[in-house]
Amino acid sequence: MLNFSRTVYDTVKAGDNWRQIAVTPPVSAYVHVPFCRRRCFYCDFPISVVGDRKHGENSLTVQSYVKRLCAEIQATPPRDRPLETVFFGGGTPSLLSVSQLDRILTTLDRHFGIVGDAEISIEMDPGTFDRAKLRGFLQAGITRVSFGAQAFQDELLQYCGRSHSVADIYAAFNLLDTEGVANVSFDLMSGLPHQTPQQWEDSLDAALKLNPAHLSLYDLILEPGTVFDRFYKPDAEPFPDSETAANFYRLAQQRLTAAGYGRYEISNYAKPGFECRHNLTYWFDRPYYGFGLGATSYVGGQRFARPRTRKDYADWVERYVNSGGEIEGERVSDSDLILETLMLRFRLAEGLAIDELQRNVTEETLKRFWQAIDPYLNCGWMEVYTAENSSEDVSNDKEHRRIRLTDPEGFLFSNVILAKLFDKLESVAELP
Ligand code: SF4
């Protein structure tokens, strides 16, 4: 099993503007594992359905995918910094066998290095692992488990086509608990078809009783091409109406805050110290490697999305390996960089430092920014506040003024606010 390199180094300040941050060497890697037992009715992710029995070493498809994924990792030119976070997402990465997961992590470690205190997360679904597999994953280096519970009512799980039951959730959580996994996150979904306010409240209470370190709450979005899209219309029966959905959001904020969780991002709550370091990479708009079918990478100021089908991904890896790791990415333009940074930062509870904003945009962009958000400052959906510097700030001042969406009302209407901001800035956003 792995013995990660104990690289000791200071957290490098990424520079003093967003373009410099964008081209800093990545210290995070996302690994996509595109296999699920069956497809949930709301899901449009790039996955292959493998059924209940064919996964891990039982499946030639999974085996050849892991081989290809490792070839992609090995062909990627390493930068001069080891990885601080790795995230196995999917799909259902817990369908990998221990040896397959170990092989991928060993390949990452040999190629890039992984620091000794790295956060290594995996998404695990109830009913896809037993004690032996969990122990093997932990020995291989997993430090954090993101657990797809979604709801605590069997009928809701069935409406959504989930392949597990509420009993599976409890059995899986019991395994995590008795194996001493402290850094566990629960995913819960609101806005499900036929979901009542009482069911949402019961799911929150049931999750809180299990006392996970972290909770991610998602509101169901009707994606084109999904089973739900074929049967249902957005914002209509059997989905909860928009006022009920907004109340779900408000109730979650009250319950989780009262239970000692802090909302640090629009959909994410954590006990102090258990914020997901990997996901913060995205929200601070920092670079990251992406590996696997459909995965996106953000390296050297370029974004690149890999093909979303197995055949196209296999062909792409072959060309990529033969070219010695040449990638034709799309360089992020200055205006996109600004808009993306604003969008991502306003997902965070701490928002954005005003001096950082001033350093990174022209006067004209800044003027339009304040014009666009003025109505939302007045109605209480956004606020300017004074904060101590966070570890991510590059300012030397001890305190500074920041701007953020308010919780919960600003977060609830974030789509409206960001759309207005984009509208106002799209034609002028540029770096000084
Ligand atoms: S388990 Fe996740 S990735 Fe797989 S089908 Fe369901 S929602 Fe999609």
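**Comments concerning the nonpolar core**
At step 1: Membership of the largest hydrophobic core comes to 83 residues, with the highest contact counts inside it found for F88, I104, L108, F152 and F186.
At step 2: Broken down by element, the residue count for this core peaks at seven residues, all from helix α2 (residues 60-75).
At step 3: When residues no more than four places from it in sequence are discounted, the contact partners of I104 are V31, V66, L69, C70, I73, F88 and L96.
At step 4: If you look at the next biggest cluster of nonpolar residues, it comprises 31 residues, including I21, I354, L366 and A372.

**Looking at the sheet that holds strand β8 (residues 214-219)**
At step 1: Strand order in this open sheet of nine strands is β9-β10-β8-β7-β6-β5-β4-β1-β11, and the pairing throughout is mixed. Edge positions in the sheet fall to β9 (262-265) and β11 (289-291), since each has one partner strand and no second. In this sheet, adjacent strand axes meet at a mean angle of 20° when their direction is disregarded.
At step 2: In the packing of helix α3 (residues 98-112) onto the sheet, contacts are made with β1 (28-33), β4 (83-90), β5 (114-124) and β11, and the angle to β4 comes to roughly 150°.
At step 3: Strands in contact with helix α6 (residues 166-178) are β6 (144-150) and β7 (184-190); relative to β6, the strand with the most contacts, it is inclined by about 165°.

**Topic: the pattern of salt bridges**
At step 1: Inspection of the entire model under this criterion finds 21 salt bridges.
At step 2: Notably, a salt bridge pairs R263 with D407, separated by 2.7 Å at the nearest N-O pair. You can see R263 sitting in strand β9 and its partner D407 sitting in the loop between β17 (399-405) and α15 (409-412), a full 144 residues away along the chain.
At step 3: Residue R263 is classed as buried on the basis of its relative accessible area of 9%.
At step 4: Close ionic contact of E383 with R404 constitutes a salt bridge, the shortest N to O distance being 2.7 Å. One end of the pair, E383, is in strand β16 (residues 382-388); the other, R404, is in strand β17, and 21 residues separate them in sequence.
At step 5: Taking relative accessible area as the criterion, R404 reaches 24% and is therefore assigned partly exposed.

**Digging into the site of the ligand**
At step 1: Neighbouring residues of the ligand: 13 residues in total, closest C36, C40, C43, G91 and D125.
At step 2: For the shell around the ligand, the class distribution of residues is six nonpolar, three polar and four charged.

**Points about the side chain of E72**
At step 1: Assignment of secondary structure puts E72 in helix α2.
At step 2: The residues touching E72, leaving out its near neighbours within four places in the chain, are G290, F291, G292, R306, Y313, W316, V317 and Y320.

**Brief notes about the environment of A140**
At step 1: Relative to the helices and strands, A140 is located in helix α4 (residues 131-140).
At step 2: Note: C-alpha distance between A140 and L156 (16 residues apart in sequence) is 34 Å.

**Looking at the domain arrangement of the chain**
At step 1: For the chain, the domain assignment lists domain 1 (18-283) and domain 2 (334-425).
At step 2: The distance between the C-alpha centroids of domain 1 and domain 2 comes to 28 Å.
At step 3: Counting from both sides, the interface comprises 15 residues of domain 1 and, opposite them, 21 residues of domain 2.
At step 4: For the domain 1 and domain 2 pair, buried surface summed over both sides reaches about 1700 Å², with 61% attributable to carbon and sulfur atoms.
At step 5: It is W18, I266 and W283 in domain 1 that bury the most area against domain 2; as a group they hold 47% of the surface buried on that side.
At step 6: Remark: the boundary between domain 1 and domain 2 carries four salt bridges.
At step 7: Two residues, R250 and E409, come together in a salt bridge whose shortest N-O distance is 2.7 Å.
At step 8: Our count for the domain 1 to domain 2 interface comes out at eight residue pairs in polar contact (both at pLDDT 80 or more).
At step 9: If you list the elements that add at least two residues to the side of domain 1 that touches domain 2, you get α1 (18-23), α9 (242-258), β9 and α10 (277-283).
At step 10: Counting residues per element, the side of domain 1 that touches domain 2 draws most heavily on α9, at four residues.

The rules behind each value
- Residues numbered from 1 in each chain as written.
- Predicted model: local features only at pLDDT ≥ 70, side-chain atom pairs only at ≥ 80, totals over all residues.
- Heavy atoms only, no water.
- Core = buried A, V, L, I, M, F, W, Y, C linked by side-chain atoms within 4.5 Å.
- Buried < 20%, exposed > 50% of the residue type's maximum accessible area, 1.4 Å probe, protein only.
- Helix = DSSP H or I, 4+ residues; strand = E, 2+ residues; numbered from the N terminus.
- Contact = heavy atoms within 4.5 Å.
- Pairing = 2+ DSSP bridges.
- Axes fitted to C-alpha atoms, helices over the stretch in contact; angles between N-to-C directions.
- Salt bridge = Lys/Arg side-chain N within 4 Å of Asp/Glu carboxyl O.
- Near = heavy atom within 4 Å.
- Nonpolar A, V, L, I, M, F, W, Y, C, P; charged D, E, K, R; others polar.
- Domains from an automatic or database assignment.
- Buried area = accessible area lost by both parts, 1.4 Å probe.
- Polar contact = N/O pair within 3.5 Å; in protein donor to acceptor, adjacent residues only side chain to side chain.

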